[in-house]
Each structure stands twice: as structure tokens, then as C-alpha cells.
2 protein chains.
Amino acid sequence: MINREQCLAWDKEDQLNQFKQHFALPEGVIYLDGNSLGAQPTAALSLANHVVTQEWGKDLINSWNTADWWGLPTRLGDKVAQLIGADSGETVITDSTTLNLFKVLSAAIKIQAEQYPERKVIVAEKDAFPTDLYIIEGLINQISQGYRLVLIESNEDLYSLLDSNEVVAVVLSHVNYRTGYFYDMSAINAKIHEKNALVIWDLCHSVGAVPMELKQTDSDFAIGCTYKYLNGGPGSPALLWVNPKHQEGFWQPLSGWWGHQQPFAMAQHYQPSQGIRRYLCGTQPIVSMRLIECGLDIFLSTDMQLIREKSLKLTDLFMQLVEQECSEFGFTLITPKQHKHRGSHVSFRHEQGYAIIQALIARGVIGDYREPEVLRFGITPLYLGYEDIWNAVQHLKNVMTHAEWKNKQYQIRGSVT
Amino acid sequence: MINREQCLAWDKEDQLNQFKQHFALPEGVIYLDGNSLGAQPTAALSLANHVVTQEWGKDLINSWNTADWWGLPTRLGDKVAQLIGADSGETVITDSTTLNLFKVLSAAIKIQAEQYPERKVIVAEKDAFPTDLYIIEGLINQISQGYRLVLIESNEDLYSLLDSNEVVAVVLSHVNYRTGYFYDMSAINAKIHEKNALVIWDLCHSVGAVPMELKQTDSDFAIGCTYKYLNGGPGSPALLWVNPKHQEGFWQPLSGWWGHQQPFAMAQHYQPSQGIRRYLCGTQPIVSMRLIECGLDIFLSTDMQLIREKSLKLTDLFMQLVEQECSEFGFTLITPKQHKHRGSHVSFRHEQGYAIIQALIARGVIGDYREPEVLRFGITPLYLGYEDIWNAVQHLKNVMTHAEWKNKQYQIRGSVT
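In this text, all values refer to a predicted model and were calculated from it rather than measured experimentally.

### Here we look at the pattern of salt bridges
As enumerated under the stated definition, the model contains 48 salt bridges over all chains in all. Its salt-bridge partner being Arg376 of chain B, residue Asp368 of chain B comes within 2.7 Å of it at the nearest N-O pair. A relative accessible area of 1% places Asp368 of chain B in the buried class. On the accessibility criterion, Arg376 of chain B (1% relative accessible area) is buried. Taken together, the salt bridges that share partners define one network made up of Glu55, Asp68, Arg75, Lys79, Arg290, Glu293 and Asp297 of chain A.

### A closer look at empty space enclosed by the protein
The full count for this structure, using the stated rule, is five cavities of 30 Å³ or more. If you add up the space inside the largest cavity, you get close to 500 Å³. Around the largest cavity, the lining is made up of 38 residues, and of these Phe129, Tyr227 and Lys228 of chain A together with Trp257 and Thr283 of chain B lie nearest the centre. Looking at the lining of the largest cavity residue by residue, the class counts come to 17 nonpolar, 13 polar and eight charged. Here the second largest cavity is characterised by a volume of approximately 140 Å³.

### A short note on the interface of chain B and chain A
A common way to state how big an interface is: give the accessible area lost once the parts meet. Each partner contributes to the interface: chain B provides 84 residues, whereas chain A provides 84 residues. Summed over both partners, the interface of chain B with chain A comes to about 7100 Å²; 67% of that surface belongs to carbon and sulfur atoms. Taken together, chain B and chain A are joined by zero salt bridges. Of all the secondary-structure elements, those providing two or more residues to the side of chain B that touches chain A are β3 (40-41), α2 (43-58), α3 (63-66), α5 (97-115), α6 (130-143) and α10 (286-300) of chain B. Top contributing element to the side of chain B that touches chain A by residue count: α6 of chain B, with eleven residues. Of the residues contributing to the side of chain B that touches chain A, the split by class is 47 nonpolar, 30 polar and seven charged.

### Looking at the packing of aromatic side chains
Evaluation of the coordinates by the stated rule reveals 41 aromatic pairs over all chains. Geometrically, the ring pair formed by Tyr354 of chain B and Tyr369 of chain B is edge-to-face, given 5.4 Å between the ring centres and 85° between the ring planes. Of this pair, Tyr354 of chain B sits in helix α12 (residues 353-362) while Tyr369 of chain B sits in strand β14 (residues 368-370); the two residues are 15 residues apart in sequence, bridging distant segments of the chain. The same class applies to Tyr354 of chain B as to Tyr369 of chain B, namely buried. Each member of the aromatic cluster is reached from another via a ring pair, and the members are Trp64, Trp69, Trp70, Trp257, Trp258 and Phe264 of chain A. For Lys120 of chain A, the ring lying beneath its charged end belongs to Tyr147 of chain A, and the centroid distance is 4.3 Å.

### Considering the relation of the copies chain B and chain A
Overlay of chain B on chain A (RMSD 0.0 Å): rotation 180°, translation along the axis 0.0 Å. Between the two chains, the operation in question is that of a two-fold axis. A share of 100% of interface residues in chain B that are also interface residues in chain A marks the association as one of identical surfaces.

### Things to note about the sheet that holds strand β7 (residues 167-173) of chain B
Residues and elements named next belong to chain B. With respect to topology, seven strands assemble into an open sheet ordered β4-β10-β9-β8-β7-β5-β6, the strand pairing being mixed. Of all the strands in the sheet, just β4 (91-94) and β6 (148-152) have a single pairing partner and so form its edges. Neighbouring strand axes in the sheet, compared pairwise and without regard to direction, differ in orientation by 20° on average. Here α5 sits on the sheet in contact with β4, β5 (121-125), β7, β8 (198-202), β9 (221-224) and β10 (238-242), set at roughly 170° to β9. Contacting β7 and β8, helix α8 (residues 185-194) runs over the sheet at an angle of about 150° to β8.

### So, the sheet that holds strand β11 (residues 332-333) of chain B
Residue and element names in this part refer to chain B. Pairing is antiparallel across the open sheet formed by four strands, whose spatial order is β11-β12-β15-β14. This sheet does not close on itself; its edge strands, each paired only once, are β11 and β14. By the bridge criterion, five bridges tie strand β12 (residues 345-349) to strand β15 (residues 374-378) in an arrangement that is antiparallel. Bridging from a neighbouring strand, Arg349 pairs with Val374 of β15. Helix-sheet contacts for α12 involve β14 and β15, and the interaxial angle to β15 is about 40°.

### Section: unusual backbone geometry
All names here are of chain A. Put simply, Glu371 and Pro372 share a cis peptide bond, and its omega is -10°. Tracing the backbone shows Pro372 in the loop between β14 (368-370) and β15 (374-378). Despite not being glycine, Asn196 shows a phi value in the positive range, around 60°. Relative to the helices and strands, Asn196 resides in the loop between α8 (185-194) and β8 (198-202).

### Quick look at the domain arrangement of chain A
Residues and elements named next belong to chain A. For chain A, the assigned domains read domain 1 (4-41 + 303-411) and domain 2 (68-300). Between the C-alpha centres of domain 1 and domain 2 there is a distance of 29 Å. Taken together, the contact pairs 36 residues of domain 1 with 25 residues of domain 2. Here domain 1 and domain 2 share an interface that buries about 2400 Å² over both sides, 62% of which is from carbon and sulfur atoms. Considering only the side of domain 1, the residues that lose the most area to domain 2 are Met304, His341 and His345, jointly responsible for 23% of the buried surface there. At the surface where domain 1 touches domain 2, the tally comes to zero salt bridges.

### Observations concerning the pairing of strand β12 (residues 345-349) of chain A
Residues and elements named next belong to chain A. For β12, a buried count of four out of five residues is recorded, marking the element as mostly surrounded by other parts of the structure. Here strand β11 (residues 332-333) runs beside β12; their pairing, made up of two bridges, is antiparallel. From the neighbouring strand, Leu333 faces β12, where its bridge partner is Phe348.

### Notes on the side chain of Arg308 of chain A
Here Arg308 of chain A shows up in helix α11 (residues 304-326). Other than its neighbours up to four places away in sequence, Arg308 of chain A contacts Phe182, Ala209, Val210, Pro211, His339, Arg342 and Gly343 of chain A.

Conventions adopted
Residues numbered from 1 in each chain as written. Chains lettered and ligands numbered in written order. Predicted model: local features only at pLDDT ≥ 70, side-chain atom pairs only at ≥ 80, totals over all residues. Heavy atoms only, no water. Salt bridge = Lys/Arg side-chain N within 4 Å of Asp/Glu carboxyl O. Buried < 20%, exposed > 50% of the residue type's maximum accessible area, 1.4 Å probe, protein only. 1 Å grid on protein atoms, 1.4 Å probe; cavity = no way out; pocket = protein on both sides within 12 Å on 5 of 7 lines; lining within 4 Å. Points joined across faces, edges and corners; volume = space filled by probe spheres on them. Nonpolar A, V, L, I, M, F, W, Y, C, P; charged D, E, K, R; others polar. Contact = heavy atoms within 4.5 Å. Buried area = accessible area lost by both parts, 1.4 Å probe. Helix = DSSP H or I, 4+ residues; strand = E, 2+ residues; numbered from the N terminus. Phe/Tyr/Trp six-rings, centres within 6.5 Å; stacked < 30°, edge-to-face > 60°. Lys NZ or Arg CZ within 6 Å of the ring centre and 35° of its normal. Least-squares fit on C-alpha atoms with pLDDT ≥ 70 in both. Pairing = 2+ DSSP bridges. Axes fitted to C-alpha atoms, helices over the stretch in contact; angles between N-to-C directions. Domains from an automatic or database assignment.

Structure, rendered in C-alpha cells:
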């Protein structure tokens, strides 16, 4: 049996405890949705003031040079690189994850068309975050030429598709947004490359949550959000990484001025910049871009291994406490118990999932709900402690014991959950 | 002869004089680059604070509903609509101008392919802002199928191309970024439609600068920046307008979750939202998006006709004063003198253009330089007066009289001008 005192003791000896002070969290809230929108770094307020009044207001157009707006996509990219196992010059922050998938999948298709023109299958997971599937559909519809999307439900599906030698590229969620299933990147890359397919990793639910080695594991492409575990701010622009071996020679189709070799020469023809900058397109939302650095700098002052250790302890604790305190309420754990296959969130299935999440939110415990029937709790080790997990589960127990979820107002679905 | 007293008198009787107080401009600066990065509305500071501390920091994920982040693209779009002659539900603010051109040109190509499958020519101006040409190239390369880009240098080029009956769509800059040439939208639309081609207007240098009637003139598509004359903030997301007659039935290829009919149903297949929302793609940079409203609200409290009248008086004045004060220094006016063909900036060609602009900047007169040899001065009637124009030309005269531009430091080109 785990009790509150044990949780308090773990908090006391926690090496990451000090980081909570760098985040502005409202009083009385246990925030378990940092995997959807990361909390606000306290530094973001003064930086926002500076960007608005000094960079925009006073320095105006000159800030492209003096505040290095021009270098933002690669400067921020090089910081993210340190969290994903990449070297400098391989990552940019730009546009959205969805658009970045369009770019890298276009590049993957071009690369493969040169060597394996007969291959036409793009593989993705049935359970991928839907926007990945939507943009793949959009791309395939546009280029036609017989390309088709095939959805897999398991690794076995993947392996048998790979055996067909028809696969161009495989798009995988490094950590599944719903279940929290965490792929073994190295093993999967080897399987995919064995059959000469390329891999695109969607890191939305893994960057800042788990350590990874994109380059050492010989991944091909990666994309992902900066506004979840990385605390970049609501809807902040996304990351895009390309293995240097694929960077040159392929011109992604969203070719805009920022990706041009000489952006100010006003040339009539597009000539892509060397290296990763060719994945840039149009002008970026500078205020949102600037704020990303606050969260990144916190991450770079700590260690992803420490974060991972605490994440596993907290998710273990969450699972154990729900089993211990809420066993009679019909929650079905859908997140893997195996550490090597678990990201940094914990999900349960419950037929009243939506109303239960609403009742929890009313108590200040912010988790989220995902169709169908999934209660999802994000675990962010930099601003959550062991007592928070204890308290969250006690709230859940109370919601269930007193059937608070039956309150009618919790059953009316809003537009965004 | 115009003198300073005359300019002061005009300022006194200026109905728009009061609006300058709504913008934070640095002391001692005459800002003639609002056509590149609009000045900061004073309201943007408190709004940025609110968005960071309250919406992001305190309300967290709930702000999607409580602060209506979810409705931002269309709520802002409906405000812009009032400045471009469009109705509600026809405009979104999202992504960048370059990406939005990719979307609407893709739609235009699909529409035309159904009725005129043999047509393969996309027309754009040789003197278009280059990113428009780059993204057209990217799109054409990707879809192949024989599409090609043909560049025009004059209206006569356009008309003879249209006569060939090969034209799918024409992309035109409503106001040219370099010369300030301003198209007669109504007349050009008629010419283009007469030959069954479609028109895409790039409004980057016209929205907020000149009145326009997109719908009444039967335009097909429009895209444009919010960070220039509209004062939306550095790199703020762009506008996209589609004539309602083209909105349904065509699925633009950058299909992401935000454009889905049921974004939270987590459906595996893309089903575009009805209407203009289908031009949305991935998650938007909320902080940058939110700040756009400050500038828009200023515009909506005034009148584009008044702005246009003052703009023409100021640009007339600028041209007259350069002629009167600087006639011996070799400036060649490249902006049309005819009101109906002039936007809201004035450009001169001078072989020492780059160094002259640098010397002016050192004096606090911020204009910009565009290759080749173009000095460009943006005229923004909401925060510039007649005396500002007088003073700017006096500075120019001094730079030339004392040959300040010969100072070596002004001749070293930086990365961004």
C-alpha cells in the first residue's frame, strides 16, 4: 500500500523538484494536460513584454538583424536538437507539425521514386493522431501517380507490409497520443531499413517526454510539436528534423522565400538553401516563435535521463494508485505497463470518460478526454510531484465515490475537450 | 513651393491625426517601413500580457473554449473581411501568405481541371514578390501533369496569354511590392474571366492600404499579410479569402485537423469542413494570432476611404517634395503618379540606393531597400502626418547634400535590409 507520506518523502528527495518554480501554474490546480498544452514558463511573460515593446515596438524592422529573428528557426532548432539526439544544422522550428509532415513525406517520396519507382505504399497507423492521416491523404490525392495510404494496427501488420517490398515510407507516432505506447525507435528503424523503406517519426508526444537518439538510430525524418512537453506556448511552431544524408538534392514542394539560398536577392527562380533551411517556407509568427526559447532553456538546464526516470516513477505511481484506490470503478488501463513501451502519459478507458474528466476539471484536476472513452493524464516531471499524483487520484476516487460525474453539466459536450 | 508651415497646417486639419496615439513609435523616428512591418498598436502590450499570463498561464488548455482560440481564424477573418469587401464566413487568418497561395492555387487548378483539362498555364508577374513565384514552382513541380508557369511583364503580355485559351489561373499583386503599381481589380477580373481563367489576388501590399471590393468585383481568391499595413505583429499569420462560389467541393491538399468537419471526432478520414474553414490546416501560433486583433480593431474604428484619401495626399506630397528639394541628386521615381495606379508606398531608383537608405536609417528615417537599386518608403496614414513627410525629405536632402551615404559603414550590406 502506498500512502500520502510516502509520496511526500519521494518529493523531498526529488532532484527535479526545484524546476516547478520556473512554471506559472494556477493555485489549486493539478495540471495533467501538459501533453496537450505545456504550462507557461515564468520567463515567458518578461520575454513577451520585451518582444512586443522593444523588438516590435522600438526596434521595428531592424529586429530581423538585431534580435536575430532571421536566425530563429535554426537557433531554436539547434536547441531542440540536443533533446532529440541530433547535431546542429539538422533541425528547424517552423510552421505546424501537419505542414512539416507534408514537407518531409514529399521529400521521402521523391527520394524513393528515384530508386524504387514502382513502390507506391505509404504506411501509417490506424491509431495515429488523425491530422497525420489527413495530410497524407491530401498529399497523395494531389500527386496521384498511384500512391496509396495503408493503415496498420500492429507491428505485425507493418512487417508483413514491408515484406511486400511496396513500401515507400512509414509514418509512426513515437509515443501514441491516446495509449501512450512508445516505440523502440532503433528496432523499428532497423526493420524498416532492412526492406529499404524510409521512416518518419512523429515526436509530438515524445519530444521533451522521453530521451531519444534520432541520428544514432539512423532515423530518416522527424516532425513534432513544441507546445506540449516543451512548453513553447499555445500552438507554437513545430520542429522538423532531416537526417543529413537526405538533406541535399531534394526540393520539398512548400518552397518559400525563407528557404531560398539567397532570400534577399529577389531572384525569380527558387534555389533551395543548402541544408535544413530548405525546409523553411514563408514568414514565421515571430512572437510565438520567440517564446519557445523559454521552455527549451529550462530543458537544456536539466537532463532528459533524469526526466525519464522521474516520468516512469510518476506514471508507475499513477497506475498503482488507481489500482489501489479506484479498483471498483471500472477503469481499464490502456497504457503499457512495460517501461520500454510507455511514454509519459497514462490513459484509461471508461464508458463515462467524458463526464468523469469534466468532474475532475471542476475539482481543479486538469486531464483530458479523447474519443472514444479515453481519459488521458499527461505526466510532466518538471512541474509535477509525487504528492500531486496522490492528490489527483484521491480526487478521482471522490468523483467516483460520490458519482459526481452524473451531474448533468458534466455530460454536455463542448466543442473542445 | 510647399513649405513646412503648409505641412503643419495640413496636420492640423487631418481627421486621422488622432490615430497616431494608438501606436507605440520610438521617439525621434520617422517610420516609413510600415509596409514591411507595421508599427505596434499600444494595445498589443496589455493583450500579450493577458494572453501569456491568463490564457496560457492560468486558463491553460481551457482557453481553447473560454478565450475562443478555436474561433480565432474565422473571427479575425470576419474582421479583415470588412476591409477587403467580403462577407462573413469567407475569410480565414492562418499560416503564411506563401502557404495560403499553395492552397488557393491548388484549388484553382482543381476547379479548372474539371472544366478545361487541356489548360496548363499558370500566369504570374515577373516582378511579383519572389516567394509567390517560388511556391508556384513548388506546386507545379509536385503535381507535374504538364502545368507550367509563364511570367508576364505587362498587361499586354497578360492579355495575349489569355487569348491563347491555355490559362488556368493568374496570380497578381494587387499593389506591387517594389514599384507600388496598383491594379484596377475590376477591369482585370473582367479581362481574366472573359477568357475563363481564374484570378488570385496577392493583397500583401494593399490590404489596409487601399479600399477594395473583392466580392463585388467577382474576384476568385485572395491571400495576403496581416503584419504590414494591418499592424498584426511580426510574421503574424496571413489572410485567405475564397469567393463563396468556389468554397464547396474542392479539397485543398494541405488538409489538417483544423480544417476537418469534425475535428474532435478523431475520424481516420479527412472530411473537409463546409465553407472557408477547410482552408485551415494544423494548429496555429495562438500568441501571434491573438495580437492581430489590436491592429484590426483600429482599422475598424476608422474608414478605408479616409485612409485612402490621406494616403494619396501623403504620397503626392512625398513625390512633390523630392522633386522640389532633391531634384539634383538623381532619384528616379518608379511609382505611378496616376492615383488609380498607386498603392501606398513611394519608390525611387538610385544607384546608391542601399547606402542612402542606411544613411537615412542612421538619422532615424526608416525606409527600406529592395534589389535592384530601389529605395522604398511606406506611407501609413494612421501614424504618419504631413510634417513627418516634410522632415523625411529634409533628411534625405541632407544625406545627399553632405554625401553621408559615402560613409563606408553604410555600404556594407547586412543580411536583411
